[in-house]
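Survey of secondary and tertiary structure
One letter stands for each residue in the lines below.
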Amino acid sequence: MRLKLLLSLCVLSLLLCPLRGHTQPAANIADEIVGNFRRIIVLMEDDASIDAAKKERITTIARMLFEQNLEKIAGLQADMVTTPAKLNSFLDQLETSADYHDADKLAFRELLEDLAADLSKNALAKDAPDPLKKRIADDIATLEQIQALYQKELSHVFDRIRTRGMPVRREAWESYLASIKTQYQRNQLLKQYENLLPVEETRGTGKKKRDPNVLDGTELPPKTLLLTFDDGPHPRYTDAILEVLKKYKLQAIFFEVGHNIGTVGADGKVTLGKGAAASERILQSGSALGNHSYTHPLLPKLDAAGYTKEIDNTGKLLKEVLKSDAVLFRPPYGAQNAGILGVVEADKMKSMIWNIDSMDWADPVPNSVAQRVLKEVEQQGRGVILFHDIHRRALDALPGLIEAFQKQGYRFASWNGTGFSVSDARGVETVTLPKTPDASTPYRESWAAVIGIDDYQKWPRLRYAAHDAAGIRDTLIQKYKFKPENVFVLLNEQATRQNILSLLGDKLANADMVKREDRVFVFFAGHGATRKLPSGRDLGYIIPVDADLSSYEGQAISMTNFQDVAESIPAKHLLFVMDSCYSGLALTRGGGLGQSGNYLQEIARRAARQMFTAGGSDEQVADNGPNGHSIFTWILLQGLDGRADLNGDGVITASELAAYVSPTVSSLSHQTPVFGNLAGSEGGDFIFELKHESEFLNADTPQLNDDGIRMNAQMEALRAQNDKLQKELADAQARLDQKAQAGGPVLTPRETSQVLDDQGMRLYKEKKYAEAAAKFNEAAAADPSNAQAVNNAGFAMYKLERYADSVPLFMQALKLDPNRSVAYINLADAYVKLHKVREAKAAYEKYLELAPNSKSAPDVREKLKALNP
C-alpha cells in the first residue's frame, strides 16, 4: 500500500486531516475510514441537476477524503501486520460492529488483501498463526460476496448498449444510501470543506476554455480511447492490470506518485524503493510512465517553490527508471495554474488530463464503474480514460470494458514518446499533437480588417482591389483558421473614412473583444497618395471611397492615423498590408534576434507592429495581374499558400513573407515593396501557421488559369536568379540541420508526407502533372497510410493519361480510407478510360451508396446511364 504525505492539507484543516499518531486505537481509525467512505458516497451520488462547476468542487473534495483514507489505511496496515493482537481486534470490529453496513465494509477490502499478502511474505509476521490467516481469507471471501450482491444489481451492464435509456435499479445500494444520508448531506459537506479548494480557474477538469498546452483526449481521432492509471505503482494491482493489458495486446500510461517509487533527500539524493521495480515492469510491457507529483497534494494551494519541488522530485525518480526525462505530467486532481504549467513546460513535459473519469476511487462496485465509463464514452466518442492502479475496482471492471469497446469498434491508443499511436488492422497511425502556443498556435484569437475599393466616387476606378480583398479574406479563413465572424470586410461603397476608422479605432481597439494574446491583420487595396509637408517630410495616405480628388487630406486616412491605431489595438501582433503606394511613416528594419532554437517562441512572445506596402512614394502600383488580382496581392497570396515558408518549418512569419514577395514584385513591376516595424514593436513577428491541404484531388478540383500559371513560372524563374533569396533558403536549411543534429524537433514521417502533399497540390494547380505526381509519390512513400497522398498520386497519373497506373493507387487509397467517396469517382473514371465497363459501374454505384445527395451525384448518375446499353 502506498504511503504519501499530505502535511500541507493537514495544516489547512484539522477537520480533513487531524493530527494523529499510531497510538490512536485501531477501532477509532476504522470508524473514521468508514465515515470518510460514507461522505464520499454521499458527495458522489449521481445528480443530473448539479452543474459542472459544482460537480468539480464536489469531486475534488471527495478525492481529498479518499486520499486521507489511503493514509489512514496505510497506517493501520503498518501497525497491524506486526501485531496480531491489534489485527484480531480490528477484525472483531469489522465482523461484529452493529454500526457497519455491508457496504461500509467494502472500504476495507484492499486492506485485507494487502494484510493477507503481507502475512504470507513479511519476515516480521511469518509466525502469524494459521487461524489468523484463515480468518482474513474468510473475511475477504465475505467481502467478495457483499460486492457480488451489488454486482448482481448491475449484472447486465454490458448489455445496456441497446437499453441504455432504461434506469438500472440498485435496491440494496439505494437502501444503504438512504441510511447514510440521514447522517451526511452533500451541501453541508461541500460547505465544510470548501475552503480547502484552490481558486476556481485551477480546479480539475470541468468545462473551461481548452488550453492548447494541455492534452485532454480531444486530440484523439473519433472512436479512439487511451487508458491511463494514476497514483501507483501498487505492489500487486499494477502487475495485475499489466496482465490484463497484455491479454488484450494494449498499452497504457501510468502516472506515478514519486513517493511510491522512492525518496529524494534534502540533498537531492535519489533512492529508489520497491515500487521502482513495478515501474520498470510497466516499461517492459510497452506502456509509458508519467509524473503525478511527489506526494499527491493539491498543487495550486502550494507556493511556487512547493509545487516546483513536487514536480521536480518525481522527475528525478522517474529519470532513474526511464534513463531519460519524463515527458508527461498529470496534476493531482487535475488542478493546475499558469505557474504549474510553466514548470511543466520548462521541464519539456506535456500536461495530460482526462475527459472520461471512471470514478473508480469513489465507487466500490466494479459494474457501476463500468457503467459510468460506458456512458461517458458514448457521450464523448473519444478520449483519455482515468483509472487508478491502487485498488481492485479498476482491475475488476477493465476486462469487460475493453471487450465491450472492441465490439463497438473502438481503437486503443498508446503513447510513443512524442505523441499517440493507434494500432488496428490497417497498421499503426501516429496522431499529430497540437503544437504549443509559443510556436505554431501562438494566439488566443485572430482578427482581420479587409478593405478593397474599386468603385471610387471621385478617384479613378480600379479593377482588382475588391477581388484582392476577397482573396485575402478567403485565405485567412480557409488556410489560417480565422473565424469568419472575426474577419470584417469593407468593400467599395462600404469603405468610407468613417467606417474604416470605426472598424480599426473602435471595434478592433476594443479591449473587451481583442486581447493581448491575439493577432490582428489589416489589409487595404485601393488608391494611395503622398503629400510633401513644409518640413520636407513625406506623409502618406490611403484613400477611402468618399475622398475628394484634389483636397483629400481631410478626407483620407494618413499614416499618422495608422500609427495611432497601432498603439490603440491591444493585440500583441499587428500587421498592416497595403496594396497601394505609400510613404511618410518611418519604418525600422527587424533584427536583434538570433536564429536560436527558441526563435519562434521568442518572436511569438514579443510585441509586433509591422507594415508591408506594395510600393514606395508616388510609385504606380500595378492593378493588373493573374486571376483577377494585382501583381502584389497575387504574389502575396502565393506566398501565403505556402511558398513563403522559406525554412520549411510549417510557419510563415511576416518577415519571411516580405522576403519572398518583395524581390519578385520588384522584378515584375515598377514598384518597390517596403516592409518594416512601426513604433511600439519589440522584436516580435506576426506568424501565419500553415494548414496542410486536405483535399482529395478529383475532376472538380480548381486549377489556375493560364495567366496565373505563367506568372508563377516567372516567379520561380526569378527566385532561381535571386542570389539573396537563395542564400536565405540555404541558411534556413542549415539551421534546420543544426536543430536536427542537436536533437531538436524534426518532422515526423506523417508531417513530412503532409508537406510533400502540399507541394504536390501547388504543382497540380499549375498543371505540372508529372512533377505533382512525383511529389505525391514521395508523400505516399514517407507515410504509406496517407490515403490523400495516394489518391492524389493516382489522379496526377490520370491527368497524364496513365490510366492503368492510376487504378491501383485509387484502390490503395480506398483500402486506407474506405469511406472516401471521391476516390470511387476517380477509380470509375479510370476504368471508363480503360473500357472496363463492369468495374466502372460498380465504382460509380459505390459512390452513390456513400454520397447519394452530394453535389457530384447527379453527374455520376448521368455517367451510369451512359454506361448502360
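All figures in this text were calculated on a predicted structure; none of them were measured in a lab. (Residues numbered from 1 in each chain as written. Predicted model: local features only at pLDDT ≥ 70, side-chain atom pairs only at ≥ 80, totals over all residues. Heavy atoms only, no water.)

1. Some thoughts on the overall build of the protein
Tallying secondary structure elements over the protein gives 30 helices and 24 strands in all. When the accessible surface of the protein is totalled, it reaches about 37500 Å², and 51% of it is carbon and sulfur. (Helix = DSSP H or I, 4+ residues; strand = E, 2+ residues; numbered from the N terminus. Areas by Shrake-Rupley, 256 points an atom, 1.4 Å probe, with all protein chains shown as cover.)

2. So, empty space enclosed by the protein
Applying the stated criterion to the full structure yields two cavities of 30 Å³ or more. Together, 16 residues line the largest cavity, and Phe66, Leu70, Ile73, Ala107 and Arg393 are the ones closest to its centre. Secondary structure elements with two or more residues in the lining of the largest cavity: helix H2 (26–43), helix H3 (52–80) and helix H6 (109–121). Looking at the lining of the largest cavity, the element that brings in the most residues is H3, giving four residues. Taken together, the residues of the lining of the largest cavity break down into 12 nonpolar, two polar and two charged. (1 Å grid on protein atoms, 1.4 Å probe; cavity = no way out; pocket = protein on both sides within 12 Å on 5 of 7 lines; lining within 4 Å. Points joined across faces, edges and corners; volume = space filled by probe spheres on them. Nonpolar A, V, L, I, M, F, W, Y, C, P; charged D, E, K, R; others polar.)

3. Here we look at the packing of aromatic side chains
Evaluation of the coordinates by the stated rule reveals 18 aromatic pairs. Taking the centre distance of 5.6 Å and the plane angle of 25° together, the rings of phenylalanine 229 and phenylalanine 387 count as stacked. Note that phenylalanine 229 is positioned in strand E2 (residues 224–232) and phenylalanine 387 in strand E10 (residues 383–388), a separation of 158 residues in sequence. Of the two residues, phenylalanine 229 and phenylalanine 387, neither departs from the other in class, the shared state being buried. Here the aromatic cluster, defined as three or more aromatic residues joined through ring pairs, consists of Tyr443, Tyr480, Phe521, Phe686 and Phe688. In this arrangement the basic side chain of arginine 63 is found over the ring face of tryptophan 361, its NZ or CZ atom lying 5.4 Å from the centre. Above the face of the tyrosine 237 ring, arginine 236 is positioned so that its terminal group lies 4.8 Å from the ring centre. (Phe/Tyr/Trp six-rings, centres within 6.5 Å; stacked < 30°, edge-to-face > 60°. Buried < 20%, exposed > 50% of the residue type's maximum accessible area, 1.4 Å probe, protein only. Lys NZ or Arg CZ within 6 Å of the ring centre and 35° of its normal.)

4. A few points about the pairing of strand E6 (residues 288–291)
Covered by surrounding structure in E6 are Ala288 and Gly290 together with Leu289 and Asn291, the residues of both alternating faces. Two strands pair when backbone bridges link them, and strand E3 (residues 253–256) and E6 are joined in this way by four bridges, in the parallel orientation. If you follow isoleucine 253 over to E6, its bridge partner there is alanine 288. (Pairing = 2+ DSSP bridges.)

5. Some thoughts on helix H12 (residues 304–322)
Note that an α-helix has 3.6 residues per turn; residues three or four places apart therefore point the same way. If you check H12, its first and last C-alpha atoms are 26 Å apart, about what 19 residues at 1.5 Å a residue would give, namely 27 Å. Among the residues of H12, those classed as buried are Tyr307, Glu310, Ile311, Asn313, Thr314, Leu317, Leu318 and Val321. Down the axis of H12, the buried set is contained in an arc of 155°. They therefore lie on one face. Among the exposed residues of H12, those oriented more than 90 degrees off its buried face are Ala305 and Lys309. Directly after H12, the chain includes lysine 323, whose backbone phi takes a positive value near 65°. (Expected span 1.5 Å × (residues − 1). Arc of directions from axis to C-beta.)

6. Structural notes on the sheet that holds strand E18 (residues 538–542)
With antiparallel pairing, the three strands of this open sheet are ordered in space as E17-E18-E19. The sheet is open, and its two edges are formed by strand E17 (528–532) and strand E19 (557–558), each paired on a single side. Both E17 and E18 contribute to a ladder of five bridges, which runs antiparallel. Residue pairing in the sheet places lysine 532 in a bridge with aspartate 538 of E18.

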